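The chain contents come next:
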Amino acid sequence: MTAGSAIRLILMGPPGCGKGTQAKMLEERFGIVHLSTGDILRAAVREDTEVGTKAKAIMDRGELVPDDIIVGVMKDRVRSDDCANGYILDGFPRTLVQAAALDRMMAEMSQPLTAAVALAVPDDEVVRRLAGRRQCSKCDAGYHVEFNPSSKDGVCDTCGGALYRRDDDNEETIRQRLAVYHEQTAPVIEYYRERNSLIEVQGVGSIEEIFESMCSLIDRRIGNG
Ligand code: AP5
């Protein structure tokens, strides 16, 4: 694949709309790298790096890490060799400042954007999904206490690791993340709509149905559908 035909996607939507779930499936389907700013920041917190130290308290409050930090992290990441065939940006950009910075980065690298995909999910559904989300501390497999429970409470079916709840998945922080989303990230959806780059997908329904409708819209955009 040449730089011009690579697929470069942005996956947007409120917290818990299924960005991570769908991005892993898109990664496999299109053979492109999944870059989640949330995962990158949580890894920095675990590794106790300078970025991690700055980000931890902000993330726990449900607020956004400053634009200069996140743009700096992503600028290096999208230039890596594994991004040459394309990528899915999960959770970036989240502000208009980040969107403008991404435009500049992509223009500098002559990397056109394929599409910005926005998943729509109502706030109450977000709270239900996130309050019940559990993750494996060893293999990172995802579960949900109601929709996708592990066979044994608190234990991963795949590797036997202990399941945990993310620090920011309590109801108070989820509501704060939603407020931040509506105020700072929803305008970014309009930014891509104005540039004719937006694909809107209904994020309620089965994971497979959502994935299929998203893929058919992406295929149409890249001329495969
Ligand atoms: P981040 O990790 O990106 O969190 P988020 O946007 O709040 O999104 P989540 O990871 O919580 O949810 P998701 O949409 O990936 O849903 P998932 O697939 O897991 O960011 C965390 C923090 O980092 C931010 O708050 C901020 O502080 C900081 N940050 C990150 N990026 C930043 C940036 N660019 N700028 C500044 N700060 C930044 O699904 C959720 C649950 O629902 C799962 O249990 C799943 O199994 C279930 N589920 C999924 N799909 C369905 C379905 N169709 N039906 C039923 N259940 C479903």
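Residues numbered from 1 in each chain as written. Predicted model: local features only at pLDDT ≥ 70, side-chain atom pairs only at ≥ 80, totals over all residues. Heavy atoms only, no water.

Visitor: Explain empty space enclosed by the protein to me, please; I cannot follow it from the model alone.
Guide: One water molecule sets the probe size; rolling that probe over the atoms shows where empty space is left. Tallying each qualifying case throughout the model produces 1 cavity of 30 Å³ or more. The computed volume of the largest cavity comes to approximately 60 Å³. Contributing to the lining of the largest cavity are Leu 11, Met 12, Gly 13, Lys 19, Gly 91, Phe 92, Pro 93, Arg 94, Tyr 181 and Thr 185. Contributions of two or more residues to the lining of the largest cavity are made by β1 (7-12) and α7 (171-194). Within the lining of the largest cavity, the residues separate by chemical class into 5 nonpolar, 3 polar and 2 charged. (1 Å grid on protein atoms, 1.4 Å probe; cavity = no way out; pocket = protein on both sides within 12 Å on 5 of 7 lines; lining within 4 Å. Points joined across faces, edges and corners; volume = space filled by probe spheres on them. Helix = DSSP H or I, 4+ residues; strand = E, 2+ residues; numbered from the N terminus. Nonpolar A, V, L, I, M, F, W, Y, C, P; charged D, E, K, R; others polar.)

Visitor: Mind showing me how you'd approach the site of the ligand here?
Guide: Near the ligand, the surroundings consist of 32 residues, among which Thr 21, Glu 63, Arg 94, Arg 133 and Arg 177 are the closest. Gly 20 places a polar main-chain atom, nitrogen or oxygen, 2.8 Å from an oxygen atom of the ligand. Between the ligand and the protein, one listed contact pairs an oxygen atom with a side-chain N or O atom of Arg 177 at 2.6 Å. Alone, the ligand offers 1000 Å² of accessible surface; in the complex the protein occludes 92% of this. Among the elements that make up the shell around the ligand, the one with the highest residue count is helix α2 (residues 37-46) (4 residues). Residue composition of the shell around the ligand, by class: 13 nonpolar, 10 polar and 9 charged. (Near = heavy atom within 4 Å. Polar contact = N/O pair within 3.5 Å; in protein donor to acceptor, adjacent residues only side chain to side chain. Areas by Shrake-Rupley, 256 points an atom, 1.4 Å probe, with all protein chains shown as cover.)

Visitor: Quick question: what am I supposed to make of the pairing of strand β3 (residues 86-90) here?
Guide: Both faces of the sheet carry side chains from a regular strand, because those side chains alternate between them. For β3, the tally of buried residues reaches 5 of 5 residues, placing the bulk of the element in the interior. With 5 bridges connecting them, β1 and β3 associate as parallel partners. Within β3, the position partnered with Ile 10 by the bridge is Leu 89. As judged from the 4 bridges shared by strand β2 (residues 33-36) and β3, these two strands associate in the parallel manner. Each residue of the ladder has a partner; that of Leu 35, found in β3, is Leu 89. (Buried < 20%, exposed > 50% of the residue type's maximum accessible area, 1.4 Å probe, protein only. Pairing = 2+ DSSP bridges.)

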